[in-house]
Amino acid sequence: MRKALSLGARSADYVPMLGADTTEAFALVPPAVRMLGKEYRELVSQQSVQSAGQDAAVLYTQALEELGIASLESAQILVPAGLTDYAALHEIVRRWSDLFGFYIGIDPVDPETYAQRLRDGAYAIALYGMGSDYNSPAGALQRLLEQQGMLGMSEQTLRDVQAQLQEAAGVENLSGTLEHYRAAERLLLEDACFIPLFYKQEYLVFRPDNEDLAFDPFTGQVFFADAKHFE
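Everything numeric in this text was worked out from a predicted model, so none of it was measured.

## Some words on the layout of surface pockets
Approximately 330 Å³ is the volume found for the second largest pocket. As for the second largest pocket, its lining consists of 20 residues, and the residues nearest its centre are Lys3, Ser6, Leu7, Phe26 and Gln50. Of all the secondary structure elements, the ones that give two or more residues to the lining of the second largest pocket are helix H1 (2-7) and helix H10 (174-191). Counted by class, the lining of the second largest pocket contains 11 nonpolar, five polar and four charged residues.

Next comes the structure, spelled out in structure tokens:
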């Protein structure tokens, strides 16, 4: 089911709905991550981590049969309130409605409620901004692994991706390292616990002696309430 939703998320009208500071995403590691002076996405293209083409409607029908149900119930996409432009999300909702025939709404909540519901798993679908603790594909992918329980990732995917990242860290040549990163990203996309939709082109960069600064990539707000500084 998750795979069907992932494949059916975009239409030809999706890209024009994106804001001026966003670009369409088909993979997990953002272009801002760099290796050897190049954007990681120049070295490992988004297309190279995608699986072979499948039909979203066929997968959806198969999933319904496996679940023994006639259709999905209506659902809400959990989002943090203050997201400035819902146009792209509305286009995804329209696309899913046309393809699969069920209704999905958008549920904006305050940041505290949003964070609590993510932790509790109290959502069907949620808009989630991923980041990285350091400038490396491993940093971005590891951040997703740390949210395994919250994102509903399978235990097998978790183990397989961890193994790929460990292998990447031990390879001494660039091509071997990139292949392990490519494999890790493909495994996460196959699991479909996280559907990449767009890259935001605004980032918060701070020194490593500062911790617990919170950045909302959807609103651009920086939260200092829990910030710590270490000399």
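After presenting the structure, the write-up continues.
## Re the packing of aromatic side chains
Counted by the stated rule, this structure contains five aromatic pairs. Residues phenylalanine 100 and phenylalanine 102 carry aromatic rings whose centres are separated by 6.2 Å and whose planes lie at 15° to one another, so their mutual orientation is stacked. Judged by its relative accessible area of 7%, phenylalanine 100 falls in the buried class. Among the residues examined, phenylalanine 102 registers a relative accessible area of 6% and is labelled buried. Here the aromatic cluster, defined as three or more aromatic residues joined through ring pairs, consists of Tyr60, Phe100 and Phe102.

## A closer look at the sheet that holds strand S6 (residues 125-126)
Spatial strand order, S5-S4-S6: three strands in an open sheet with parallel pairing. One side of each edge strand has no neighbouring strand; the edge strands of this open sheet are strand S5 (104-109) and S6. On the sheet, helix H5 (residues 87-100) packs against strand S4 (75-80), S5 and S6 and is oriented at approximately 150° with respect to S5.

Criteria and cut-off values
- Residues numbered from 1 in each chain as written.
- Predicted model: local features only at pLDDT ≥ 70, side-chain atom pairs only at ≥ 80, totals over all residues.
- Heavy atoms only, no water.
- 1 Å grid on protein atoms, 1.4 Å probe; cavity = no way out; pocket = protein on both sides within 12 Å on 5 of 7 lines; lining within 4 Å.
- Points joined across faces, edges and corners; volume = space filled by probe spheres on them.
- Helix = DSSP H or I, 4+ residues; strand = E, 2+ residues; numbered from the N terminus.
- Nonpolar A, V, L, I, M, F, W, Y, C, P; charged D, E, K, R; others polar.
- Phe/Tyr/Trp six-rings, centres within 6.5 Å; stacked < 30°, edge-to-face > 60°.
- Buried < 20%, exposed > 50% of the residue type's maximum accessible area, 1.4 Å probe, protein only.
- Pairing = 2+ DSSP bridges.
- Contact = heavy atoms within 4.5 Å.
- Axes fitted to C-alpha atoms, helices over the stretch in contact; angles between N-to-C directions.

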